[in-house]
Each structure stands twice: as structure tokens, then as C-alpha cells.
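Breakdown of the fold
Here are the chains, one letter per residue:
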Amino acid sequence: TGIEIHTERIDDIPLLYHQQQRMGIAETIDEVIAVHGNRQGLSLGRMLSVWVSYILSEGDHRMSEVETWAAEQMESLSALLSGTVCEKDFTDDRLADGLRLLSNDENWTEIEHQLGSRLIGVYDLKRSPVRLDSTTVAVYHDTEGNTLFRYGHSKDHRPDLAQFKMMLATLDPLGMPVATLVVPGNESDDSLYIPAIRQARPVVGQGGRLYVGDAKMGALGTRAFVQASEDYYLMPLARTGKVPELLQELLQPVWEKEKPLERVYAPDVEGLDRTEKKRKILALAYESTRLQEAEVEGQTLSWQERVLVVYSPLRARQARRGLAKRLERAEKALLALTPPPGRGKRQWDDLDALQRAAQAILKKRRVQGLLQIGYHKEVKQRTIRKYGDRPARTEEQVRYVIQVDRDPAAIHAARRLMGWRLYVTNAPCEVLPLTEAISTYRGAPYIERDFGRFKGHPLGIRPLYVRREDHAKGLVRVLSLALRVLTVVEHVVRQHLLNAGETLSGLYAGNPKRQTARPTTERLLKAFRYVDLSVVRLPDQTIYHVTPLSELQKRILALLGIDLAIYEGMMPFLDTG
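About the thresholds
- Residues numbered from 1 in each chain as written.
- Predicted model: local features only at pLDDT ≥ 70, side-chain atom pairs only at ≥ 80, totals over all residues.
- Heavy atoms only, no water.
- Core = buried A, V, L, I, M, F, W, Y, C linked by side-chain atoms within 4.5 Å.
- Buried < 20%, exposed > 50% of the residue type's maximum accessible area, 1.4 Å probe, protein only.
- Helix = DSSP H or I, 4+ residues; strand = E, 2+ residues; numbered from the N terminus.
- Contact = heavy atoms within 4.5 Å.
- Expected span 1.5 Å × (residues − 1).
- Axes fitted to C-alpha atoms, helices over the stretch in contact; angles between N-to-C directions.
- Parallel < 35°, antiparallel > 145°, perpendicular 65-115°, else oblique.
- Left-handed = near helix turned anticlockwise from the far one by under 90°.
- Nonpolar A, V, L, I, M, F, W, Y, C, P; charged D, E, K, R; others polar.
- Pairing = 2+ DSSP bridges.
- Patch = residues over 30% accessible without salt bridge, like charges linked within 9 Å, V, L, I, M, F, W, Y side chains within 5 Å.
- Areas by Shrake-Rupley, 256 points an atom, 1.4 Å probe, with all protein chains shown as cover.
- Salt bridge = Lys/Arg side-chain N within 4 Å of Asp/Glu carboxyl O.
- Lys, Arg positive; Asp, Glu negative; His and termini not counted.
- Charge placed at Lys NZ, Arg CZ, Asp CG, Glu CD.
- Phe/Tyr/Trp six-rings, centres within 6.5 Å; stacked < 30°, edge-to-face > 60°.
- Lys NZ or Arg CZ within 6 Å of the ring centre and 35° of its normal.
- 1 Å grid on protein atoms, 1.4 Å probe; cavity = no way out; pocket = protein on both sides within 12 Å on 5 of 7 lines; lining within 4 Å.
- Points joined across faces, edges and corners; volume = space filled by probe spheres on them.
- pLDDT = per-residue confidence, 0-100.

1. Let's talk about the nonpolar core
Core analysis: the largest hydrophobic core is formed by 138 residues, its most contacted members being Trp 51 and Phe 164. No other element matches helix α16 (residues 469-500), which puts 15 residues into this core. The residues touching Trp 51, leaving out its near neighbours within four places in the chain, are His 61, Arg 62, Met 63, Val 66, Leu 95, Leu 99, Leu 475 and Val 478. With 19 residues, the next largest nonpolar core counts Ala 353, Ile 361, Leu 370 and Tyr 400 among its residues.

Right, here's the structure in full:
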């Protein structure tokens, strides 16, 4: 008949590729990395942009799958890239070479600097806090001869596997990465904060920038480093060293009702026309100050540090419920050590061994000092009958029995401290008021979502399908580019909905009328499923047809400021040749 029909699933690929163009990802990569002069085909930046689009659309980072996928997308890719595209532009060898080039630290640092500065300027994020945290990625690789894949404390709860560690510096409120460090899996977290801040500074600037981290960022040297650069820090203090004594000291005036506490309300009800009793209390807090002193590059540095004494009712309730369960389980386990005599029931005649077993239970349940344990010695005479040449005799049997009682005073003291935590910052009150400091720290889910996306859908770095260390480092950086796309798309849509006071519906399967003002990028991309490009080749003409976009799809593009032409442009001409 001379009729040939070809259909391609284009879905969210045009949106993703165009968004990367607007962010300048391909342009920045091509500007920074000089490739070999004999390289042909697509530029490195455009090739990686297509790969990032594939990863986000398919939820698959395997290099071996991209060539097959691209071979089925030649018409749409040619239209997107405005030129001739070959499936061999996406072989696993070419993609692996891209990972090798990205693994170069100098190349990556410059890419992050240029890309981050551009995005911060475009989306007006000049004063946003920078949040820092790390995670580990377990691998099944042999550690022999490797420097990146090492054994260490596993945040994946797989101490039996080698791992590498990833440190992120992200920008609130997007959670957009501005610095991505990939280090051996046995590196300590404490040592990564200063390098991450150094790498972020050319992007976010220096002076007056707030860095937020967890308790591992609280080392005095890290705080002094931030202070020396005239930046600000905010983090909780770990309950180690002298911190428990400091907490007790600062809580004494609270317990004696000499220090009033300021109420911090949950942001979702702040400002609403509600009575004082109906507003949800997020925390109770007050602050103190102390002088800090440290040595930085041979110079002694002194500064005033604010200590925030914060009580979280929710955290206290959770901790008290947890303590009650641990006490109950510890009591049960302790009493089970010395059951009544019977067949198959162990009896302890060695007091030291029994004490060690009891202490192990206390440590496991984290109730040391909260239970009073006594050991009662029972002595029983046992008569053994005559047997053969052995005469009858009496034998003394010793048995130790545990007695367990709760220590009410110690339990009360422990419960009293629950929910209280100390935070420190060098930011002045006028820059970071008490209530704002507490709300800012509680924004930690931004970076936790980033790690969730890295390890789960759609980036899914686990399991890791590359074995070479430079490929692993390069892949983390490719996924970091993809994470930037996810965070920027989400931020732009949410910001436009907020500014317009509108919501978006049609994103939830089974409940099309459900509305949201805070859609995730994953749901927005899912809305573009089953968009096809059909090519009908007749003897005298070629007809292109793209599935008409729904109203929801059109609105998402409008919220992103993307022209409908990115889909309509898939039908560039009616070929009559």
C-alpha cells in the first residue's frame, strides 16, 4: 500500500528537555568541558540533557538502556534537538565517557558554580538558607584496590556492604543542590561540612549567608570557620561532652518559673483569625548568650553565640511513649533471664555472667540508670541417691534470681528533659529572630526529600549499575543535575500557584477533583503520560500528529512558563516531497 505508520511515546520528554535548556544545563557543560577534537555527533551537554530527560521520565539510570530507547524516539529527538540525531549518540560507551569527564573535580566544580549562580539569579534566591547533610549509598562492589567504595557507618543499615558517601549543600526552599561532594564511605561526617561550605560559597556568595545543619555540624571548628567568613550558622548541639550540664543549667530557671518561654506557632496556622487556644503550638523557647573562642588559621577568634533553649511538645510526647515501651520491654527481658526452675530453662550460678547479661539488656533498651536491679541468691540442697559404687550424697545448688524495680526519681528526671534541645547560632536577633530560627531548622525535610529522590523514585541510584569509581562519581553528578530539574520545576509551579492564590486538580488518580497548591514534580510529570507522536508516511507526503494536550497539561506548561510550541513543534512541517 505504500503507507508506513510510526508512533513514539513522547510523554514528558519535551517538557524535561526544554526545562533543562532554560536552566542552561547543556550550555554550561559544553562551555566548561573541552572534549576531544575528533568527537562527532551530539555535544556532551546535549547528550547528557537527553539522558537526564530519560532518567526522570523512565526512572532508570542504566546506560545500557538509553540507546534502545533513543532508537525508538528518533523523530521526536530530532525535532527537540533541531537537527540530525543518531541512536549511536547514546551508546553506553559515549555515556560512560560523559561520566568520566564529569568525574573530574575541576570540571564539576566549575559546572556547579556557573549553573548555581545562574539559577539563583533567575529564581531570586540570593538570601535563601543553605542546608547541609550527608547520606551513604551501599554497593555490592569489592573494596580491594578501591578508594571510594569503603566500609563505614551505614545510613542504609547495611554495615555488611561497602559504600560511598554523598554530601549535599542545598538551597531552601527548593532543596536545589548547589554543591555535591562524593567521598569514600569511611569518611566522617564532621570533616565534610567545611569542604561543602567552601564549594558552595562561589555559588551562593559570602557574608550574611545562613548555613543550617544537624548536630554533626556543631563542631567548634566548623562554627568558627563560618564565623570567620562573616556568615551565619544554625544547628542543634549533640548531647555529648558538657552539653547535658549546660542544658540542665539553662533549664533550671525554667523549672523555677523565673524564665518565661516564648510560644512558637505552627506556620500553617500562623496569622489566621483564631483564638490563642486554638492555635497549634510548635515549640516553647527562650534564648541565652555566651562567648565563644576558637583558633582559625593561627588567629584567635571571639564571638557572641546565641543558645536557643527549645521545647517541642510533639517530640516530648513521642519520647515519653518510647521510654514507656523501652522500660516495659527491658523489665520483661530482665525477668525472663531467671525463670522458675524447669526443664530446658537456664539457671544462673555465675553472678558476674548474669550481671553482664542484664547490663546488655539495659544498654540495648537505653534505660541505664532507670531500673534498680537486685540479685537474690537461692541455695538449695539436693540429695543424690547411691548409684553403683558411688555413695549417696548431698549437693548444694546455687541459683541467682533477678529483682527489677523502677527508679521513680530517675525516670522523672529523664522524662523532664524529654522534648528539650539546645540550638546555637551566631546570627543576630534582628537577622534571625528566635521564632524564625526554630521554623528554619524544622525545614530539614527539604534535604531529606532530596536524599529520598536520590535513593528511590525517580533517580534510584540503588542499585548502582556501574563498577568504576570515576563512573560512580560521574553518575552521582548526573543525578544531581536531574535533582536540580525536579526541584526547580516544583518550586516554579508552587510559587505561581501561591502568587495567584490558586490550586491544581486532576493530579490524583481516582480523585480527579482533589486540589493541591503544592504539587510534586513527580505528579506533574505523570500527568503527561500517553502523549504520542505519530508519523504517517504516504507515497506523496508525510503527516505528523501529536496527541492533543489536555487542559491540565496546558495549565502545567503555563505555570512553568513553557510555550505549547514545544509539543506542537513536533509537527514542524508537512513533507510533500
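Structure shown, so let's carry the discussion forward.
2. Some thoughts on helix α8 (residues 193-204)
Because an α-helix completes one turn every 3.6 residues, residues spaced three or four positions apart along the sequence face the same direction. The terminal C-alpha atoms of α8, which comprises 12 residues, lie 15 Å apart, in line with the 16 Å expected from a rise of 1.5 Å per residue. Taken together, the buried residues of α8 touch α7 (105-122), β2 (130-139), β3 (162-171), β4 (176-184), β5 (210-212) and α9 (220-228). Once α8 ends, the next one or two residues include Gly 205, with phi positive near 90 degrees.

3. With respect to the packing of helix α3 (residues 44-58) against α16
Put simply, α3 and α16 touch, their axes get as near as 10 Å, and they point 70 degrees apart. With respect to α16, the axis of α3 lies roughly perpendicular. As for how α3 packs across α16, the hand of that crossing is right-handed. Along the contact surface, α3 presents Leu 48, Trp 51, Val 52, Ile 55 and Leu 56, while α16 presents Leu 475, Val 478, Leu 479, Leu 481, Ala 482, Val 485 and Leu 486. When its residues are assigned to classes, the contact of α3 with α16 shows 12 nonpolar, no polar and no charged.

4. Remarks on the sheet that holds β4
As summarised here, the arrangement of the 9 strands in space is β4-β3-β2-β5-β6-β12-β9-β8-β7, forming an open sheet in which the pairing is mixed. Among the strands making up the open sheet, the edge pair consists of β4 and β7 (262-265). Sheet twist, expressed as the average angle between the axes of neighbouring strands with direction ignored, equals 30 degrees. Pairing between β7 and strand β8 (residues 281-296): 4 bridges, direction antiparallel. Bridging across to β8, Arg 263 finds its partner in Leu 284. On the sheet, helix α10 (residues 243-255) packs against β8, β9 (299-311) and β12 (420-425) and is oriented at approximately 105 degrees with respect to β12.

5. Thoughts on the sheet that holds strand β1 (residues 4-9)
The sheet built from 3 strands is open, its strands ordered β1-β15-β16 with antiparallel pairing. In this open sheet, the two strands that pair with only one neighbour each are β1 and β16 (542-546). Neighbouring strand axes in the sheet, compared pairwise and without regard to direction, differ in orientation by 15 degrees on average. In this sheet, strand β15 (residues 532-537) lies alongside β1 in antiparallel orientation, the contact comprising 6 bridges. Bridge pairing in β15 places Thr 7 opposite Ser 534.

6. Overview of a positive patch on the surface
A cluster of basic residues, Arg 239, Lys 280, Arg 315, Arg 317, Arg 321, Lys 325, Arg 329 and Arg 442, forms a positive patch at the surface. Note on placement: Lys 280 falls in the loop between β7 and β8.

7. Topic: the pairing of β12
Within β12, 5 of the 6 residues are buried, leaving the element largely enclosed by the surrounding structure. With 3 bridges connecting them, strand β6 (residues 232-236) and β12 associate as antiparallel partners. Bridged to Leu 234 within β12 is Thr 425.

8. Regarding unusual backbone geometry
Here the amide bond leading from Asp 172 into Pro 173 is cis, since omega sits at -5 degrees, within 30 degrees of zero. Mapped onto the elements of the fold, Pro 173 is located in the loop between β3 and β4. With an omega of 5 degrees, the peptide bond between His 457 and Pro 458 qualifies as cis. Take Pro 458: it is sitting in the loop between α15 (445-455) and α16. Positive phi, normally seen in glycine, also occurs at His 157, with a value near 60 degrees.

9. Details of the environment of Gly 374
Position of Gly 374 relative to the elements: it lies in strand β10 (residues 371-384). The spacing of Gly 374 and Tyr 400 is 26 residues in sequence and 9.9 Å in space, taken between C-alpha atoms. Residues within four places of Gly 374 in sequence aside, it is in contact with Val 401, Ile 402 and Gln 403.

10. Here's the deal with the packing of aromatic side chains
Here the structure, examined in full by the defined rule, presents 5 aromatic pairs. Taken together, a centroid distance of 5.8 Å and an interplanar angle of 15 degrees make the contact between Phe 528 and Tyr 567 stacked. With Phe 528 in the loop between α17 (521-526) and β15 and Tyr 567 in helix α19 (residues 565-568), this pair connects stretches of sequence that are 39 residues apart. Taking the relative accessible area as the measure of exposure, Phe 528 reaches 0% and is therefore buried. Relative accessible area serves as the criterion here: at 1%, Tyr 567 is assigned to the buried category. Note that Arg 514 overlies the ring of Tyr 508, its terminal NZ or CZ placed 3.9 Å from the centroid.

11. Digging into the layout of surface pockets
Unoccupied space between atoms shows up once a probe the size of one water molecule is rolled over them. Volume-wise, the largest pocket comes out at about 510 Å³. Among the elements that take part in the lining of the largest pocket, helix α11 (residues 313-337) stands out by supplying 5 residues, more than any other. Of the residues in the lining of the largest pocket, the class split is 12 nonpolar, 4 polar and 5 charged.

12. Some remarks on the confidence of the model for the protein chain
Low pLDDT means the predicted atomic positions in that stretch should not be read closely. Here the protein chain shows a mean pLDDT of 89. Residues at 70 or above account for 96%. For the stretch residues 269-275, pLDDT sits under 50, and the model shows 7 contacts to residues farther than four places along the chain or on other chains. Here residues 573-577 is a poorly scored stretch, pLDDT under 50, and it has 11 contacts once near neighbours within four places are set aside; other chains count.

13. Some thoughts on the packing of helix α1 (residues 13-23) against α7
Closest axis-to-axis distance for the α1/α7 pair is 10 Å, and the angle between their directions is 95 degrees. Judged on the interaxial angle alone, α7 and α1 are roughly perpendicular. Contacts between α1 and α7 involve Gln 21, Arg 22 and Met 23 on the former and, on the latter, Leu 115, Arg 118 and Leu 119. Among the residues making up the contact of α1 with α7, the classes are represented as 3 nonpolar, 1 polar and 2 charged.

14. Some remarks on the side chain of Arg 94
Residue placement: Arg 94 occurs in helix α6 (residues 92-102). Despite being buried, Arg 94 has no salt bridge partner; Asp 89 is the closest side chain of opposite charge, sitting 4.1 Å away. Dropping the residues within four chain positions of it, Arg 94 is found in contact with Arg 39, Gln 40, Gly 41, Leu 42, Met 47, Lys 88 and Asp 89.

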